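Below are the chains, spelled out letter by letter.
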Amino acid sequence: MLGFLTRAIAEIKDPRLASNATRYSIKDTVLGAFSVFFMQCESFLEHQRQMHSRCGQDNAHNLFGLKRIPTTPQIRNILDETAIEGLFRVFTWVYHRLQRDGYLKPYQCLGGHLLVTLDGTQYFSSQTIHCKCCSSRTHKNGTVTYFHRAILPVIVAPGQPQVISLAPEFITPQDGSEKQDCEVAAAKRWINNYASEFKNQPVTLLGDDLYSRQPMAEHCLESGMNFIFTCLPESHTALYDWLNYLDGIGEVKTLEISLWHRRSKEIYRYRYVNQIPLRDTQPALGVNWCELTLTRQSDGKVLYQNAFITCHDLTAETVPSVVSAGRSRWKTENENHNVLKTKGYHLEHNFGHGQHHLASFLLTLNLLSFLFHTVLHLVDKSYQQIRLQRGTRKGFFQDILSLTKYLLFDSWQHLIHFMLNDSPLSPATDSY
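Residues numbered from 1 in each chain as written. Predicted model: local features only at pLDDT ≥ 70, side-chain atom pairs only at ≥ 80, totals over all residues. Heavy atoms only, no water.

Chemist: Residues and numbers for the packing of helix α13 (residues 381-390) against helix α15 (residues 412-421), please.
Modeler: Interhelical geometry of α13 versus α15 gives an angle of 40° and a closest axis separation of 10 Å. In terms of orientation, α13 lies oblique with respect to α15. For the pair α13 and α15, the crossing hand works out as left-handed. In contact with Ser382, Gln385, Ile386 and Gln389 of α13, α15 contributes Ile416, Met419 and Leu420. In terms of residue class, the contact of α13 with α15 is made up of four nonpolar, three polar and no charged. (Axes fitted to C-alpha atoms, helices over the stretch in contact; angles between N-to-C directions. Helix = DSSP H or I, 4+ residues; strand = E, 2+ residues; numbered from the N terminus. Parallel < 35°, antiparallel > 145°, perpendicular 65-115°, else oblique. Left-handed = near helix turned anticlockwise from the far one by under 90°. Contact = heavy atoms within 4.5 Å. Nonpolar A, V, L, I, M, F, W, Y, C, P; charged D, E, K, R; others polar.)

Chemist: Could you give me a rundown of the environment of Trp190, with the residues and numbers involved?
Modeler: Tracing the sequence through the fold places Trp190 in helix α7 (residues 183-194). According to the relative accessible area criterion, Trp190 is buried, its value standing at 1%. Along the backbone, Trp190 and Arg390 are 200 residues apart, and their C-alpha atoms lie at a distance of 38 Å. Leave out the neighbours within four places in its chain, and Trp190 touches Val116, Leu118, Pro153, Leu166, Ala167, Pro168, Glu169, Ala195, Phe198 and Leu205. (Buried < 20%, exposed > 50% of the residue type's maximum accessible area, 1.4 Å probe, protein only.)

Chemist: Give me the lowdown on the pattern of salt bridges, citing residues and values where you can.
Modeler: Overall, the coordinates contain 15 salt bridges when judged by the stated rule. A salt bridge links Asp247 to Arg271, with the nearest nitrogen and oxygen atoms 3.3 Å apart. Within this pair, whereas Asp247 is found in helix α9 (residues 237-248), its partner Arg271 is found in strand β12 (residues 264-277), the two being separated by 24 residues in sequence. You can call Arg271 buried: its relative accessible area is 15%. One network of salt bridges, in which partners are shared, links Arg97, Arg100 and Asp101. (Salt bridge = Lys/Arg side-chain N within 4 Å of Asp/Glu carboxyl O.)

Set out below in structure tokens:
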């Protein structure tokens, strides 16, 4: 994965003019910033600078490939002028490698589909600091809040605790547009940019009620993707008028399933109908609608209720799977946004705002570190062993930081061997 990242960095254009100010390469700058996010420690580079002064070597070089360690202000100044798009391909390369090696098979459902959630989140907010890439909100008292938002797509699946990050799409003012950018417009751009990457891989997009409008649904279908979007009565009055009519003539089908959960029995009651108009104006797209009401049998308490629209055919055999897929959208909140904001990645922390690309560049490096950790957890047995031994995520990163602060390692393999065996490897020697 570091090879993918280094390869992408090599193709990034250096925005600086050739001068003495280019002492630190783009590679050192990007890898230096990435190492801070990957190690989850803002002081990592300073620790390695001190180690280099003591030993003449450091882990920033041995583990991440830095030749020179830039300071934090230098990193911010350089990255602020550097376009971010070159790093997006790393997400795609990792995805294709996981697909090629079969690690995405447990994520396939609904006849081989991958579920990709589209959901926006805010990662910066201020009433004083702002740049030309900021969105803004004017309050009734006249004050203005400036903020950055992005769509953070992830691959999810029912029963899979990890989510797999894909390239983000930033919600930011667009050239030639007088209107502020919005989440749906950004989602359409993401589909335009990445639909071709899923060639020969069926994809179903998941989204909240914001997405369940005809233009977005048609955009998904035209791009070769299916969808399961939340569909609320208050925002789809025409569709629910049709539902009430069809329900009155017995066209809305029902299915009930009872399942034990721990010590209580739960009743899953599904309602569904195929080919119902999504809107009242013509031409109206025909969609399939389903609803789940989950109640606890002992006291009749409603534990969950939601409805979805999709183009997956709904039958008594398929509706539970479609609803289960739709419900897995919550993973983008619990396993993605929440982890990024509260489990060491500090997504909403202002690592640096800048005037051009800095905020989005740092967010992308943070997402890449999260992706790398996720992939290691999925595919690397040594990493899995270490995490199992150490227990908590926080304790795992504390161990790595302590070790790399005081001990020099030849490589990641060297570090991993030490953590698993409590004894360092002897440096490798050349053989002839």
